Amino acid sequence: MEIGDFKCFDCKFKSDAVSILNETDLLKLQEGCSQTAFRKGELLFKEGAPAKHIVYIRNGFVKLSKQGIGGKDIILSVSKTGAYLNIHNLQRKRNDYYFSAVALCETNVCFIEKESFEKLLKNNGAFAYEVISYIFEDEMNYFDRLVNNVQQQLPGRLANALLYFKNHVYTENPFNLSLNQSELASLIGTSRESVSRIIKEFRDSGIIQTEENQFYILDEMRLEEIKLKG
């Protein structure tokens, strides 16, 4: 659902990059920007569709997934308030969405025309630096999780995922996990049954406490040890 009149310089959810822009640049950004609200489960954009926008998450959580072998969706990560999606589409050789994005809760996003975003990057070095810093941090988190998923056994992978959600996605403890167990299994490359079993083992060992979709990490040190041991 597209939201009506709004102004970028009045926005309470500015990214670090946008916060440094002056009023003139904010007006330029606003000209190529539209704000849209999504309900839980709604598709923001689909893999392979023409991509004309950079997407900024004003508030909410979004599941990113990509089709694997046999058409099965593989969950790549969960993005939250302040995240930019599809910055790779600034590359002129790529004109389609590389992955799909689905709202995990009530979510508001800004669709920014690629041309408007690209002009700001070219004309404002401080803005470009903040965007590059965001890309670097986001990629490092993703690469760390990817390496861990390859090298670790299931308990280590699940421990890594739970710490990722606590420290990087929700930044609170306890947290309400927006993914169901099948989606969590897809994220760490295993079956729902295996995830359910390891969660029970963690719970029985006093490492975590769960109630429906709420996770409370009781013993973060032990969870870190499991993550490191793999």
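Residues numbered from 1 in each chain as written. Predicted model: local features only at pLDDT ≥ 70, side-chain atom pairs only at ≥ 80, totals over all residues. Heavy atoms only, no water.

Participant: Before we go on, may I ask you to explain the packing of aromatic side chains in this structure?
Facilitator: Any two aromatic rings considered together are summarised by their centre-to-centre distance and by the angle between their planes. Scanning the model with the defined rule gives twelve aromatic pairs in all. Taking the centre distance of 5.0 Å and the plane angle of 45 degrees together, the rings of Tyr 56 and Tyr 84 count as tilted. Of the two residues, Tyr 56 is situated in strand E3 (residues 53–59) and Tyr 84 in strand E6 (residues 84–85); the sequence distance between them amounts to 28 residues. By the burial criterion, Tyr 56 is buried, and Tyr 84 matches it. Grouping aromatic residues by their ring pairs yields a cluster made of Phe 61, Tyr 164, Phe 165, Tyr 170, Phe 175 and Phe 215. (Phe/Tyr/Trp six-rings, centres within 6.5 Å; stacked < 30°, edge-to-face > 60°. Helix = DSSP H or I, 4+ residues; strand = E, 2+ residues; numbered from the N terminus. Buried < 20%, exposed > 50% of the residue type's maximum accessible area, 1.4 Å probe, protein only.)

Participant: What is the right way to look at the nonpolar core in this model?
Facilitator: Counting 29 residues, the largest nonpolar core has Phe 165, Leu 184 and Phe 202 as the members making the most contacts within it. Among the elements of the structure, strand E5 (73–80), helix H5 (154–169), helix H6 (181–188), helix H7 (192–204) and strand E11 (214–217) are those that each provide at least two residues to this core. Here this core gets nine residues from one element, more than from any other, and that element is H5. Setting aside its immediate chain neighbours within four residues, Phe 202 contacts Pro 155, Leu 158, Ala 159, Leu 162, Ile 207, Ile 208, Leu 223 and Ile 226. Counting residues in hydrophobic clusters, the runner-up holds 18 residues, among them Val 18, Tyr 84, Ile 87 and Leu 120. (Core = buried A, V, L, I, M, F, W, Y, C linked by side-chain atoms within 4.5 Å. Contact = heavy atoms within 4.5 Å.)

Participant: Looking at this structure, I do not really get the sheet that holds E6. What am I missing?
Facilitator: Pairing between sheet strands relies on hydrogen bonds along the backbone, with the strands arranged either parallel or antiparallel. Taken in spatial order, the four strands line up as E1-E8-E3-E6 in an open sheet, and their pairing is antiparallel. Edge strands, defined here as strands with exactly one partner in the open sheet, are strand E1 (33–38) and E6. Two elements, E3 and E6, share two bridges in a ladder whose sense is antiparallel. Residue Tyr 56 lies in a different strand from E6, and its bridge partner there is Tyr 84. Running at roughly 75 degrees to strand E8 (residues 107–113), helix H3 (residues 114–123) makes contact with E3, E6 and E8 of the sheet. (Pairing = 2+ DSSP bridges. Axes fitted to C-alpha atoms, helices over the stretch in contact; angles between N-to-C directions.)

Nothing here speaks to function; it is all geometry.
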